[in-house]
Amino acid sequence: MLLKDKVVLVTGSTTGIGEAIARKCVAEGASVMVHGRREHAAQGLCVELGDAAAYTVGDVTDPELCESLVANTVNRFGRIDGVANNAATTARATIEQTDAATFDRHYHINLRAPALIIRAALPHFRAQGEGTVVNIGSVNAWSGQADLMPYSASKGGLQTMTRNMANALAEDRIRINQLNVGWCTSPNEIALKISEGLPEDWYLNVPKAFAPTGRLLTPDQVAHHVAFWLSPDSQPANGCVYELEQFCILGRSSARDWDV
């Protein structure tokens, strides 16, 4: 098992990629602190996962909640070995649609919260002699589409912060890496594209311009990668930004149109 006897905090883990990460961590032998904003969803997942899981409910825009997530993890399981910073907002907005409140919300959730959670975990990592963080980023960090301006900018900041902290904390044996995830068929993404006019089975018929395999990433596939990067098997890699995508991002002109 990749994560036998480890304790992992997974933010935004009541649906989609985060839920898949929580399930995978438990399957690999870890105890997991589940986090989300809906108590019934968090509670339901923990019932399924059994004694290996507990949950904390709250909004990561609240700095006190970020500290509580770590404290609750340690209080419940006695330690914290890893963090998967997955909670995010992906709200669409162009520069014209991005007012101060929209900009701030993206940064508070996608960038400030991971920083505060890592900060809260540092004393525990240092006391144990090591710790591991995986930040869930996006290929949009490199530029992003026009209607994802604040999201792309916040993920770009997360990418730089990952490398900065990895360098700063390396001598404490604290490893911080990032997965820049490509287009993924989370339940929310499937529903969003249907609401934008694509057919209900759109994710089963993906043009090769978007996915050479004919299928987009799934949350379970992302979770497999996260478990590896959280585990000792990924040592000594640190400060890596790993592109989890079917095309090489750099130097590629992306297709714009979906031919239906």
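Residues numbered from 1 in each chain as written. Predicted model: local features only at pLDDT ≥ 70, side-chain atom pairs only at ≥ 80, totals over all residues. Heavy atoms only, no water.

Student: So what's going on with the packing of aromatic side chains? Residues and values would help.
Tutor: One pass over the structure, following the stated rule, counts six aromatic pairs. Their ring planes at 70° and their centres at 5.4 Å tell us that W183 and F210 sit as a pair that is edge-to-face. Placement of W183 in the loop between strand 6 (174-181) and helix 6 (187-195) and of F210 in the loop between helix 6 and helix 7 (219-230) is noted, with a sequence separation of 27 residues between them. Overall, F210 belongs to the buried group, its relative accessible area being 19%. Relative to Y242, the ring of W229 has its centre 5.6 Å away and its plane inclined at 50°; by these criteria the two rings are tilted. Placement of the pair is W229 in helix 7 and Y242 in strand 7 (residues 241-244), with a sequence separation of 13 residues. (Phe/Tyr/Trp six-rings, centres within 6.5 Å; stacked < 30°, edge-to-face > 60°. Helix = DSSP H or I, 4+ residues; strand = E, 2+ residues; numbered from the N terminus. Buried < 20%, exposed > 50% of the residue type's maximum accessible area, 1.4 Å probe, protein only.)

Student: Tell me what's going on with the pairing of strand 2 (residues 31-36), and back it up with residues and numbers.
Tutor: In terms of burial, strand 2 is a largely internal element, five of the six residues being buried. Sheet topology places strand 1 (residues 7-10) next to strand 2; four bridges connect them, and they run parallel. Among the inter-strand pairings, L9 is bridged to a residue of strand 2, identified as M33. Bridge count for strand 2 against strand 3 (residues 53-57) is five bridges, and the pairing is parallel. Directly across from G36, in strand 3, lies its bridge partner V57. At this point the chain moves from strand 2, through helix 2 (residues 39-49), to the parallel strand 3, and the crossover so formed is right-handed. (Pairing = 2+ DSSP bridges. Right-handed = clockwise from strand over helix to strand, strands pointing away.)

Student: So, unusual backbone geometry: which residues are in play, and what are the values?
Tutor: With an omega dihedral of 0°, the bond running from Q235 to P236 counts as a cis peptide bond. By the secondary structure assignment, P236 is in the loop between helix 7 and strand 7. Positive phi is not limited to glycine here, since R173 has a value of about 60°. Structurally, R173 is set in the loop between helix 5 (149-169) and strand 6.

Student: Describe the side chain of T162, naming the residues involved and giving the relevant values.
Tutor: Here T162 lies in helix 5. Side chain to side chain, T162 and Q178 meet in a polar contact 2.7 Å long. Not counting residues up to four positions away in its chain, the partners in contact with T162 are N135, I176, N177, Q178 and C240. (Polar contact = N/O pair within 3.5 Å; in protein donor to acceptor, adjacent residues only side chain to side chain. Contact = heavy atoms within 4.5 Å.)

Student: Tell me about the sheet that holds strand 3, residues and numbers included.
Tutor: As summarised here, the arrangement of the seven strands in space is 3-2-1-4-5-6-7, forming an open sheet in which the pairing is parallel. Strands at the two margins of the open sheet, each flanked by one partner only, are strand 3 and strand 7. Looking at each pair of strands side by side, their axes are set apart by 20° on average, direction ignored. (Axes fitted to C-alpha atoms, helices over the stretch in contact; angles between N-to-C directions.)

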